[in-house]
Amino acid sequence: MERHADGGYLLAHFTGESPEGEQVYFSVSRDGLHWKDLNQGKPILHSEIGEKGVRDPFILSSRDRDRFFIIATDLRIASGKGWSVAQRAGSRALIVWESQDLVHWQGPVSCEVGIPEAGCVWAPEAVYDEEEKAYMVFWASMVQ
């Protein structure tokens, strides 16, 4: 969730394991309690790369607040392979989009981050480390 300078919030989310549910949806709120879905409740961003679905989108602004990023799990349970396969042999990539205005998005691109012994890489988040002058991206994985 990203708080906008005018006091509003933008939430990037997925809706579930339906054919279109594992894509990126946006909702907005003025108070963080009452939300309105954008795009008539349809996905805003689609992934046609990797597993062709995304879950757990995380939105963050760049350190200088001149760009925004969405990082998400490369996963599509709706394809039928199930959680067991995903946990043990799923994608080790994150799917990334970039924007300068939260409206126009570039991407997606796939970035492999997991080690070969890991199953699916999921629930990514990121923070900027002032001391290192770099972003730290972290996620969950099941390791064999």
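Use the structure listed above.
The paragraphs below set out a description of the structure included in this document. (Residues numbered from 1 in each chain as written. Predicted model: local features only at pLDDT ≥ 70, side-chain atom pairs only at ≥ 80, totals over all residues. Heavy atoms only, no water.)

## Some remarks on the overall build of the protein chain
Inference 1: Assigned secondary structure in the protein chain consists of one helix and 10 strands.
Inference 2: Beginning at the N terminus, the succession of helices and strands in the protein chain can be written as β-β-β-β-β-β-α-β-β-β-β.
Inference 3: The C-alpha atoms of the protein chain give a radius of gyration of 15 Å, which matches the 15 Å a tight globule of 144 residues would have.
Inference 4: Dimensions of the protein chain along its principal axes, counting C-alpha atoms only, are 45 × 40 × 25 Å.
Inference 5: In the protein chain, buried positions account for 38% of the 144 residues.
Inference 6: Long-range contacts, defined here as pairs at least 24 residues apart, represent 49% of the contacts in the protein chain between residues at least 6 apart.
Inference 7: With an accessible surface of roughly 8,100 Å², the protein chain has 52% of that area assigned to carbon and sulfur atoms.
Inference 8: In the protein chain, the 14 positive side-chain charges and the 22 negative ones have mean positions that sit 4 Å from each other. (Helix = DSSP H or I, 4+ residues; strand = E, 2+ residues; numbered from the N terminus. Rg over C-alpha atoms; globule rule 2.2 N^0.38 Å. Buried < 20%, exposed > 50% of the residue type's maximum accessible area, 1.4 Å probe, protein only. Contact = heavy atoms within 4.5 Å. Areas by Shrake-Rupley, 256 points an atom, 1.4 Å probe, with all protein chains shown as cover. Lys, Arg positive; Asp, Glu negative; His and termini not counted. Charge placed at Lys NZ, Arg CZ, Asp CG, Glu CD.)

## A few points about the side chain of H13
Inference 1: By the secondary structure assignment, H13 is in strand β2 (residues 9–13).
Inference 2: Given the relative accessible area of 19%, H13 is considered buried.
Inference 3: A polar side-chain atom of H13 sits 2.9 Å from a polar atom in the side chain of S27.
Inference 4: With residues up to four places along the chain from it excluded, the contact list for H13 reads Q23, V24, Y25, F26, S27, D37 and P57. (Polar contact = N/O pair within 3.5 Å; in protein donor to acceptor, adjacent residues only side chain to side chain.)

## A few points about a nonpolar patch on the surface
Inference 1: Nonpolar side chains collect at one region of the surface, where V127, M136 and F138 lie side by side and expose about 250 Å² of accessible area between them.
Inference 2: By the element assignment, F138 lies in strand β10 (residues 134–140).
Inference 3: Accessibility expressed as a relative area gives 35% for F138, which makes it partly exposed. (Patch = residues over 30% accessible without salt bridge, like charges linked within 9 Å, V, L, I, M, F, W, Y side chains within 5 Å. Salt bridge = Lys/Arg side-chain N within 4 Å of Asp/Glu carboxyl O.)

## Description of the pattern of salt bridges
If charged atoms from side chains of opposite charge come close, those side chains can pair.
Inference 1: With the rule as written, the count across this model stands at nine salt bridges.
Inference 2: A salt bridge links R55 to E22, with the nearest nitrogen and oxygen atoms 2.6 Å apart. Of this pair, R55 sits in strand β5 (residues 54–61) while E22 sits in the loop between β2 and β3 (25–29), and the two are 33 residues apart along the sequence. For the pair R55 and E22, one class covers both residues: buried.
Inference 3: Of the charged contacts in the structure, one is a salt bridge between K81 and E51, with a shortest N-O distance of 2.7 Å. On the criterion of sequence distance, the pair formed by K81 in the loop between β6 (68–74) and α1 (82–89) and E51 in the loop between β4 (36–37) and β5 is long-range, its members being 30 residues apart.
Inference 4: For K81, a relative accessible area of 31% translates into the label partly exposed.
Inference 5: Look at E51 and you get buried, because its relative accessible area is 19%.
Inference 6: Via salt bridges that share partners, R63, D64, E130 and K133 belong to a single interconnected network.

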